[in-house]
Amino acid sequence: MNKKLPALGLATVLALAGCGGNLDSDDSGSAAAAYPERAVTLLIGQDAGGSTDLIGRALADPASADLKQPITVQNRPGANGAVAAKELAAAKPDGYTIMVFVGSLAYITPLAVAPDQAVDINNYEVVTGISQDDYVLIANPKTGFKTVQDIVAAKRPIKYATTGVGTGSQLTSSLLFAQAGVNATAVPFNGGAPALTAVLGGQVDVAAVQLGEAKEQIEAGKAVPIVTFAEKRPTYMPDTPTATEAGYQVPVQQSRAVVAPKGTPKEVVDRLRTAFQKSFGEQAYKDFNTQRLLTPNEVDGATLLQQWNGSLQTYKDMVAKHNIDMGGK
């Protein structure tokens, strides 16, 4: 089943600059040793108040205390983080401009755009992995849907909200409905909050959103959890089956990392990693993860690249297998 989804206009925002200018070889050592001497800018490629923004801000204060310099958060929303990624790629590789990079931009958005428009995580220096989000498919209670089989048995066209083209929300739903043989139409929104609102307001039947975004509405009985797309049932949703348990292979997660421009000196990358490890160790940040239903993924750069490059290949293979057109071309 070939699901046509709206194309994403990224041509103007994904013409990534190269790796930026390199530091002069005579000065790089002394500059790295003195780092940081001034404030660091942390770019967020999503709107203020969203999950990625909240994560970045939760990390910034403890890390800035360790660096003894402010970390200034600046939001650059657009194209699932591609606007911010373009700005980062063009920044001087000196550690003073970094970014919270969402994994879906690296391993899902490339499925929806032309190869020359895709953002390649290998063109950046990964400072550290941060955490992972699981997705949950929720329904408006008025639909009567409680299981995927209920959706299949309805034998009618289904409207599902996504958080945008090239996102994990889109991919999870597309894979699920393709495997289930459901006639489903995507309705893209700009983020989890409006997608959730569309479900609650009955504009769509279902939506795949991040667990932390849906938790409050699920607990209030305003949204019904159908399946999660986690590898195993989350401890905080023990009564909701995974898609795998329901008979569908949809191994999709959101992930985040702190990255710097390509060519940033190793000493600077290591210093930043040390600072963010300070954040990871703070009890307030651990509590934040628990409250937002986030799974720590505080791995080093090499491990993160292995994870994300592997996910990209996995999702490419699955999209091809199920004949899904992520870009609507």
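Everything below is about the structure printed above this text.
Described below are features of the structure shown in this document. (Residues numbered from 1 in each chain as written. Predicted model: local features only at pLDDT ≥ 70, side-chain atom pairs only at ≥ 80, totals over all residues. Heavy atoms only, no water.)

### Overview of the pattern of salt bridges
Tallying each qualifying case throughout the model produces 9 salt bridges. Measuring nitrogen to oxygen at the nearest pair gives 3.6 Å for the salt bridge that ties R38 to D94. Separated by 56 residues along the polypeptide, R38 in the loop between helix 1 (25-34) and strand 1 (40-44) and D94 in the loop between helix 3 (82-90) and strand 3 (97-102) bring together distant segments of the chain. With a relative accessible area of 12%, D94 lands in the buried category. (Salt bridge = Lys/Arg side-chain N within 4 Å of Asp/Glu carboxyl O. Helix = DSSP H or I, 4+ residues; strand = E, 2+ residues; numbered from the N terminus. Buried < 20%, exposed > 50% of the residue type's maximum accessible area, 1.4 Å probe, protein only.)

### Some thoughts on unusual backbone geometry
A cis amide bond, omega -5 degrees, links Y35 with the succeeding residue P36. Within the secondary structure layout, P36 lies in the loop between helix 1 and strand 1. The phi dihedral of K155 is positive, around 50 degrees, even though this residue is not glycine. With respect to the helices, strands and loops of the structure, K155 is situated in the loop between helix 5 (148-154) and strand 5 (158-162). Residue classification places K155 among the exposed positions, given a relative accessible area of 78%. Phi at N323 takes a positive value of approximately 55 degrees, unusual for a residue other than glycine. Examined against the element boundaries, N323 turns out to sit in the segment after helix 11 (301-321).

### Overview of the nonpolar core
Counting 58 residues, the largest nonpolar core has F101, L137, V206, F229 and V259 as its most contacted members. Aside from chain neighbours lying at most four places away, what touches V259 is L88, I98, M99, F101, I121, Y124, E125, V126 and V127. One finds L67, F280, Y285 and F288 within the second-largest nonpolar core, a separate group that totals 28 residues. (Core = buried A, V, L, I, M, F, W, Y, C linked by side-chain atoms within 4.5 Å. Contact = heavy atoms within 4.5 Å.)

### Some thoughts on the environment of N289
Topologically, N289 is positioned in helix 10 (residues 283-291). For N289 and A58, which are 231 residues apart along the polypeptide, the C-alpha to C-alpha distance reads 9.5 Å. Filtering out sequence-adjacent residues up to four positions away, N289 remains in contact with L294, P296 and E298.

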